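For reference, the chains in residue letters:
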Amino acid sequence: MAHKKHWLTVAVALLAAGSLAGCTSNMSSRQAKNAFKQAQSSSKQASGKTAKDESIIAAAQSLNADGKYKQSNKKLSSINLTDLNKKGFGALKTEFFSLQKSNDKFLLKKTQSKGNSAATSQTSGGNTATTTTTNNSFDGYSKYVGDYYFYNDDDGDRQQETLTIHDNGSVVQNNNDGSAFHGTATIKDSGAHGVLSYDVTTGTNDTKTIDANVEIDVVWSNGEHETYYGYTSYDDDIVLTDGNSYDGDLVNEVWMQ
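Worth saying up front: this structure is predicted, and the values here are computed from it rather than measured.

## As for the overall build of the protein chain
Scanning the protein chain from terminus to terminus reveals 4 helices and 12 strands. Classification of the 257 residues of the protein chain by burial places 35% in the buried group. For the protein chain, the proportion of contacts with a sequence separation of at least 24, taken over those separated by at least 6, is 54%. Accessible surface, the protein chain as shown: approximately 14,700 Å² in total, 50% of it carbon and sulfur.

## What about the sheet that holds strand E7 (residues 214–220)?
Ordered in space as E1-E2-E3-E4-E7-E8-E9-E12, the 8 strands form a closed barrel in which the pairing is antiparallel. On average, each strand axis in the sheet is tilted by 30° relative to the strand beside it, whichever way the strands run. By the bridge criterion, 7 bridges tie strand E4 (residues 180–189) to E7 in an arrangement that is antiparallel. Its bridge partner being in E7, Thr-186 is matched across the sheet by Asp-217.

## Thoughts on the environment of Gly-203
Checked against the element boundaries, Gly-203 lands in the loop between strand E5 (195–198) and strand E6 (207–210). What makes Gly-203 exposed here is its relative accessible area of 62%. Separated by 52 residues in the primary sequence, Gly-203 and Tyr-151 have C-alpha atoms spaced 8.8 Å apart.

## Details of the nonpolar core
Across soluble globular proteins, nonpolar side chains show a tendency to be buried alongside one another. Core analysis: the largest hydrophobic core is formed by 27 residues, its most contacted members being Leu-76, Ile-79, Leu-84, Phe-96, Tyr-198, Val-200 and Val-254. Of all the secondary-structure elements, those providing two or more residues to this core are helix H1 (2–65), helix H3 (81–84), helix H4 (90–117), E5, strand E8 (225–232), strand E11 (250–251) and strand E12 (254–256). Among the elements that make up this core, the one with the highest residue count is H4 (4 residues). Leave out the neighbours within four places in its chain, and Tyr-198 touches Tyr-151, Asn-152, Asn-205, Asp-206, Thr-207, Lys-208, Tyr-231, Leu-250, Val-251 and Val-254. Within the second largest apolar cluster, 17 residues are counted, among which are Phe-138, Val-171, Ala-185 and Val-214.

Parameters at a glance
Residues numbered from 1 in each chain as written. Predicted model: local features only at pLDDT ≥ 70, side-chain atom pairs only at ≥ 80, totals over all residues. Heavy atoms only, no water. Helix = DSSP H or I, 4+ residues; strand = E, 2+ residues; numbered from the N terminus. Buried < 20%, exposed > 50% of the residue type's maximum accessible area, 1.4 Å probe, protein only. Contact = heavy atoms within 4.5 Å. Areas by Shrake-Rupley, 256 points an atom, 1.4 Å probe, with all protein chains shown as cover. Pairing = 2+ DSSP bridges. Axes fitted to C-alpha atoms, helices over the stretch in contact; angles between N-to-C directions. Core = buried A, V, L, I, M, F, W, Y, C linked by side-chain atoms within 4.5 Å.

So this is what it looks like as structure tokens:
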């Protein structure tokens, strides 16, 4: 009798184990299905954004081909730049900046052409017109040459969108209303400490202070001067900040490659 009870106990234990395994298996299956559905949903959303951005870039290309460079940049400004930094948007990001450079190249030519005719004259107010000139100060600072995007647009309240620094020192700032500012920059080493910036590695509006590696001085075509402090983030991104506070607890301008 004891022998039979032993086998009965073993049988019951095996049945219980099998039932528990089945339950665990079912739970894993449900979790897998949920994960699959979430992945499908994310994929569809990304696909939808990609298709939308592709159509915007196609329209901007058409405007560029027609010589409507300012309108082309305005069309590009409707693209969310944070999307272009996500996985799967690499080709679109490359095309975005390539097209923007093409637009800026022609817009810069127009600005320089107008400026050259007024270079030696004075306005009625007595202010001498400023023309954009090139230089070779970036020869030893190639990593600071390139395209930057505005880090915090404050939910669309800021006009800044992208900033491009060329190796000859020419600078173009594109704004989300389709306008663009042009200027010339010079760069030098900097020992500035405690400069205000965002902690860009967090993707938040948390601020921090940094030690600057370089100082980039920009003279815009309207004669205004602006200084950016450049440094490398903990994630090895190149960042520029003007170090000025904005709206109490924000930073006025932070740009990131």
